[in-house]
Amino acid sequence: APVDQLKDAKVIFVLGGPGSGKGTQCERIVAKYGLAHLSSGDLLRAEVASGSERGNRLKAIMESGELVSLDIVLELIRDAMLARGAAGAKGFLIDGYPRELEQGVRFESELVPCKAVLFFDVSEEVMQQRLLKRGETSGRVDDNEATIRKRFQTFQQLTKPVIEHYKGQGKVIQVDASGSVDEVFGQVQKQLDALKL
Ligand code: B4P
């Protein structure tokens with residue numbers, strides 16, 4: 001099976017509420033540690049931008065602040081990992097995934113167990129400010145007050161339990177994400193250096 005080529009891959013899941021700075025920090029991490037960065041949100045937005053029938057359905061769900069179906073996200077991530085793996089990538093930052101427990105269970109049983117979960121912790125007040133600021137220029141259908149409120153709910157109900165699950169396995173690296181991008185990255189570096197990737 002083609003997924004056999006992923007069985008030795010080093011995978012770090014990256015989680016945090018909407019606006020916690022996941023995507024931002026992943027760019028910095030990639031530049032320093034040379035991991036392949038796969039953002040479930042970016043993969044979904046690319047699918048929407050393709051104008052496909054499936055893309056149109058995804059757009060409506062993302063606009064509502066809910067999660068798109070498990071199978072679609074897993075397929076997009078698996079295909080992207082296979083492509084990057086074939087190009088030589090050994091380590092992967094999987095950003096914005098797993099958003100619900102079942103996503104993590106399916107990924108780990110069908111592909112490979114994760115090494116660690118990087119969790120960006122920050123208050124909803126700060127996240128909301130960042131998202132509204134981004135919304136002034138991003139053109140993203142989900143950076144508006146009503147959708148942000150729904151995204152916070154989805155995070156509390158579905159994604160928080162994922163973090164608790166991996167805390168129970170001792171895999172969670174928690175970072176205070178309330179500071180500046182540089183401050184947050186300083187903490188991230190200390191933690192990742194200790195992991196000896
Ligand atoms: P995502 O694309 O993951 O959106 P996000 O949570 O807002 O994260 P993003 O990485 O874009 O932003 P960041 O916090 O870095 O998801 C969007 C939608 O896609 C979901 O609602 C869902 O519908 C769907 N989806 C995604 N993954 C899914 C999955 N696995 N299953 C099902 N559905 C899924 O940055 C936010 C802003 O803050 C930026 O403007 C940034 O510049 C700024 N910022 C970052 N760090 C800062 C700092 N330290 N100080 C000040 N500003 C900062």
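Whatever comes next refers back to the structure up there.
Residues numbered from 1 in each chain as written. Predicted model: local features only at pLDDT ≥ 70, side-chain atom pairs only at ≥ 80, totals over all residues. Heavy atoms only, no water.

What follows covers the side chain of S40. Summarising the element assignment, S40 is placed in helix α2 (residues 40–49). Within the structure, the side chain of S40 is placed 3.0 Å from the backbone oxygen of G96, a separation counted as a polar contact. If we ignore the near neighbours within four places in the chain, the residues touching S40 are V73, I77, D95, G96, Y97 and R99. (Helix = DSSP H or I, 4+ residues; strand = E, 2+ residues; numbered from the N terminus. Polar contact = N/O pair within 3.5 Å; in protein donor to acceptor, adjacent residues only side chain to side chain. Contact = heavy atoms within 4.5 Å.)

For the rest of this paragraph, the subject is the nonpolar core. Within the largest apolar cluster, 32 residues are counted, with the highest numbers of intra-cluster contacts made by V11, F13, M81, F92, I94, Y97 and F107. Looking at this core, the elements that each hand over two or more residues are β1 (10–16), β2 (36–39), α3 (53–64), α4 (70–86), β3 (91–95), β4 (116–121) and α7 (145–168). A per-element tally of this core places α4 first, with eight residues. The residues touching Y97, leaving out its near neighbours within four places in the chain, are F13, V14, L15, S40, V73, L74, I77, Q103 and F107. (Core = buried A, V, L, I, M, F, W, Y, C linked by side-chain atoms within 4.5 Å. Buried < 20%, exposed > 50% of the residue type's maximum accessible area, 1.4 Å probe, protein only.)

Take the site of the ligand next. In the vicinity of the ligand lie 29 residues, with G21, S40, E66, Q103 and R151 positioned nearest. Taking G19, its main chain carries an N or O atom lying 3.3 Å from an oxygen atom of the ligand. Backbone polar atom of S20 to an oxygen atom of the ligand: 3.2 Å apart, as the coordinates give it. For the ligand, the protein covers 86% of the area, taking 990 Å² as the surface of the free molecule. Put simply, the parts of the chain that give the shell around the ligand at least two residues each are α1 (22–33), α2 and α6 (124–138). Here the shell around the ligand takes four residues from α2, the largest share from any one element. (Near = heavy atom within 4 Å. Areas by Shrake-Rupley, 256 points an atom, 1.4 Å probe, with all protein chains shown as cover.)

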